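# Secondary and tertiary structure notes
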Amino acid sequence: MKSRSTTILVVRRDGRTVIGGDGQVTLGSSVVKHTAKKIRKLNDGRIVVGFAGSAADGLSLLERLEEKLSKHRGNLLRSAVELAKDWRMDKYLRRLEAILVAADKESMFLISGNGDVIEPDEPVLAIGSGGDYARSAALALYRNTDLDARKIVEESLKIAGEICIYTNHHFTIEEVTD
């Protein structure tokens with residue numbers, strides 16, 4: 001049975017970076033958990049990270065990213081690149097089935113096991129089963145309203161939850177702090 005889960009969305013606007021994710025975990029055709037927490041704050045609250053995919057793999061990658069951040073004194077880009085290199089080259093890490101988004105006040109990245117470290121053109125990034133729905137809604141709100149980052153994340157996750165059967169309305173939302 002394939003595990004399907006999640007929508008993770010990060011938006012930056014007016015100096016605020018906000019990440020949100022739903023709590024649903026689905027195994028086969030059944031919802032097995034409604035309140036999973038798939039986002040974390042790292043580096044003393046200066047970096048927010050979310051994962052989609054296998055929970056154990058996602059949590060392992062978050063630990064690896066935290067180690068890289070410590071080693072590179074909180075430099076998110078350098079840490080993301082080093083994690084992506086290790087992820088792609090390491091025999092054990094290569095098998096991990098997850099994808100990450102990481103953001104601070106200045107930047108945000110999608111990090112994958114293919115060696116990807118992608119910074120979007122606009123400060124909106126989403127992953128997971130409902131990621132495309134949440135990103136579409138967030139881009140529309142970002143471009144056409146004056147809503148703040150938190151409200152954009154909340155409304156976009158609600159929309160994704162109405163469309164994607166692998167996304168629910170139990171959200172965890174975090175914001176980068178100075």
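Scroll up to find the structure this text is about.
Before going into details, it helps to say that this report is about the structure given with it. Remember, predicted model here, so these are calculated numbers, not experimental data.

Procedures and definitions
- Residues numbered from 1 in each chain as written.
- Predicted model: local features only at pLDDT ≥ 70, side-chain atom pairs only at ≥ 80, totals over all residues.
- Heavy atoms only, no water.
- Helix = DSSP H or I, 4+ residues; strand = E, 2+ residues; numbered from the N terminus.
- Expected span 1.5 Å × (residues − 1).
- Buried < 20%, exposed > 50% of the residue type's maximum accessible area, 1.4 Å probe, protein only.
- Arc of directions from axis to C-beta.
- Contact = heavy atoms within 4.5 Å.
- Core = buried A, V, L, I, M, F, W, Y, C linked by side-chain atoms within 4.5 Å.
- Pairing = 2+ DSSP bridges.
- Axes fitted to C-alpha atoms, helices over the stretch in contact; angles between N-to-C directions.
- Patch = residues over 30% accessible without salt bridge, like charges linked within 9 Å, V, L, I, M, F, W, Y side chains within 5 Å.
- Areas by Shrake-Rupley, 256 points an atom, 1.4 Å probe, with all protein chains shown as cover.
- Salt bridge = Lys/Arg side-chain N within 4 Å of Asp/Glu carboxyl O.

Next up on the list: helix 4 (residues 149-163). Over its 15 residues, helix 4 extends 21 Å from the first C-alpha to the last, a length consistent with the 21 Å expected when each residue adds 1.5 Å. Of all the positions in helix 4, only Ala 149, Ile 152, Val 153, Ser 156, Leu 157, Ala 160 and Gly 161 are classed as buried. One side of helix 4 carries all its buried residues, which in axial view fall inside an arc of 160°.

Helical periodicity: at 3.6 residues per turn, an α-helix aligns residues three or four positions apart in one direction. If you check helix 3 (residues 131-144), its first and last C-alpha atoms are 20 Å apart, about what 14 residues at 1.5 Å a residue would give, namely 20 Å. Every buried residue of helix 3 is listed here: Gly 131, Ala 134, Ala 137, Ala 138, Leu 139 and Leu 141. The inward-facing, buried residues of helix 3 abut strand 2 (7-13), strand 11 (124-128) and helix 4.

Moving on, we get to the nonpolar core. Across soluble globular proteins, you tend to see nonpolar side chains buried next to one another. Formed by 19 residues in total, the largest nonpolar core has its most connected members in Val 49, Leu 61, Leu 65, Leu 100 and Ile 111. Of all the secondary structure elements, the ones that give two or more residues to this core are strand 7 (47-53), helix 1 (55-71), helix 2 (76-89), strand 8 (98-103) and strand 9 (108-111). With 5 residues, the top contributor of residues to this core is helix 2. Dropping the residues within four chain positions of it, Val 49 is found in contact with Ile 19, Lys 38, Ile 39, Arg 40, Leu 42, Leu 62, Leu 65, Leu 100, Val 101 and Ala 102.

Our next topic: the sheet that holds strand 2. Taken in spatial order, the 4 strands make up an open sheet running 11-2-3-12, and their pairing is antiparallel. Looking at the sheet topology across the chains shown, the edges are occupied by strand 11 and strand 12 (172-175). Along the sheet, successive strands turn relative to each other by an average axial angle of 10°, direction set aside. With 5 bridges connecting them, strand 2 and strand 11 associate as antiparallel partners.

Here we come to the sheet that holds strand 6 (residues 39-42). Note: strands within a sheet are paired through backbone hydrogen bonds, in either parallel or antiparallel orientation. What the 5 strands build is an open sheet, ordered 6-7-8-9-10; its pairing is antiparallel. At either end of the open sheet lies a strand with only one pairing partner, and these are strand 6 and strand 10 (117-118). Alignment of strand 8 against strand 9, held across 4 bridges, turns out to be antiparallel. Opposite Ala 102, over in strand 9, you have Phe 109 as the bridge partner. Docked against the sheet, helix 2 engages strand 7, strand 8, strand 9 and strand 10, running at close to 5° with respect to strand 9.

On the surface, a cluster of nonpolar side chains totalling about 260 Å² of accessible area is made up of Tyr 133, Ile 159 and Ile 163. With respect to the helices and strands, Ile 163 occurs in helix 4.

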